[in-house]
Every structure is written in structure tokens, then in C-alpha cells.
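# Notes for the structure review
Spelled out, the chains give:
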Amino acid sequence: MPDRITVHGLTGHGYHGVYPPEREHGQTFRVDAVLELDTAPAAATDDLTKTVHYGELAQQLHAVLVGEPVDLLETLAQRLADCCLAYPVVDAVEITVHKPEVDLGVPADDVTVAIRRTRA
């Protein structure tokens, strides 16, 4: 099993969605990012440059989450995955986007879209 760095429950107010009220008022979105990488080089040298600075990553993910609106959670998830894969040490990433304020017309706690992407 690969080493993992996880950012869980990162939250932001975004304007994603296909319906006009979603674009006008926005809503809360959450993201979980699980990065797969070899952390041994960083551990052996105690060198931050040989791993992912998760503080910087969180800022980048948040910027995407609250940034340019998209229609689909699938698109948002892909943009978040691309952000993670921009780190050369990341071999793969799993992104889960949560839309907890979704209006389905029936009671529901959350809708999620989860994707896994690997370095090409």
C-alpha cells in the first residue's frame, strides 16, 4: 500500500451547479484529498521539499473550491485532482467532493462525487 497524505473536510463557499439559484447564492462544498506518494525520501532527510507541503496544498485546493464556478461536481473534482498532481512526488490522488446543501427535493445529508487519478 502506498504512503498517503490526506486533507479531509476542507470547506469553502462556492457557486458551482447547473441551476440559477446555485450560481446566484452559492453553497458550502467540502473536499477530501488523499494523495499517494513515497514519503520515505522526506522521512529519511527531514526535508519538506521531498514531500507535499499540505498547508500550501490546502490553500490551493481551497482556491479551486471557491474559485471559478463549474456546472458539474465531476469537473470540480478533476480540477482539484489536477492541483494535487501538479506536485511531482504525487503518484495518484483520490478526490471526494461533498455537496451537503444539495436540494434533491427529498431529504438527504450529502451528495458526493469521488474520482481517482494517477500520474500519466
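Reading the values: the criteria
- Residues numbered from 1 in each chain as written.
- Predicted model: local features only at pLDDT ≥ 70, side-chain atom pairs only at ≥ 80, totals over all residues.
- Heavy atoms only, no water.
- Helix = DSSP H or I, 4+ residues; strand = E, 2+ residues; numbered from the N terminus.
- Buried < 20%, exposed > 50% of the residue type's maximum accessible area, 1.4 Å probe, protein only.
- Areas by Shrake-Rupley, 256 points an atom, 1.4 Å probe, with all protein chains shown as cover.
- Patch = residues over 30% accessible without salt bridge, like charges linked within 9 Å, V, L, I, M, F, W, Y side chains within 5 Å.
- Salt bridge = Lys/Arg side-chain N within 4 Å of Asp/Glu carboxyl O.
- UniProt positions renumbered as here; feature names shortened; annotations may be inferred.
- Pairing = 2+ DSSP bridges.
- Axes fitted to C-alpha atoms, helices over the stretch in contact; angles between N-to-C directions.
- Contact = heavy atoms within 4.5 Å.

Here we come to the overall build of the protein chain. Within the protein chain one finds four helices and four strands. When the elements of the protein chain are put in sequence order from the N terminus, they spell out β-α-β-α-α-α-β-β. With respect to the principal axes defined by its C-alpha atoms, the protein chain has extents near 50 × 25 × 25 Å. Split into buried and exposed, the 120 residues of the protein chain put 38% on the buried side. Total accessible area on the protein chain stands at roughly 6,900 Å², and carbon and sulfur atoms take up 53% of it.

For the rest of this paragraph, the subject is unusual backbone geometry. A positive phi angle, close to 55°, is found at D46, a residue other than glycine. By the element assignment, D46 lies in the loop between helix 2 (40-45) and helix 3 (54-65).

Bringing a nonpolar patch on the surface into the picture now. Taken together, V18, Y19 and L72 make up a surface patch of nonpolar side chains, about 310 Å² in accessible area. Note that V18 resides in the loop between strand 1 (3-14) and helix 1 (20-25).

Below, the discussion takes up the UniProt feature "domain: Dihydroneopterin aldolase/epimerase" (unreviewed entry) in the protein chain. The feature "domain: Dihydroneopterin aldolase/epimerase" (unreviewed entry), as given by UniProt, occupies residues 5-117 in the numbering adopted here. Structurally, residues 5-117 comprises 33% helix and 32% strand, and the distance from its first C-alpha atom to its last is 15 Å.

Here we take up the sheet that holds strand 4 (residues 112-118). Note on sheets: strands pair through backbone hydrogen bonds, and any given pair is parallel or antiparallel. The four strands lie next to each other as 1-2-3-4, forming an open sheet whose pairing is antiparallel. Strands with a single pairing partner mark the edges of an open sheet, and in this sheet they are strand 1 and strand 4. Neighbour-to-neighbour, the strand axes of the sheet open up by a mean angle of 15°, direction not taken into account. For strand 2 (residues 27-37) and strand 3 (residues 90-98), the ladder comprises eight bridges, and the chain directions are antiparallel. Considered in strand 3, the bridge of V34 is made with E94. Across the sheet, helix 3 lies against strand 1 and strand 2, angled at about 35° from strand 1, the strand it touches most. Running over the sheet, helix 4 (residues 73-85) touches strand 2, strand 3 and strand 4 and is turned about 150° from strand 3.

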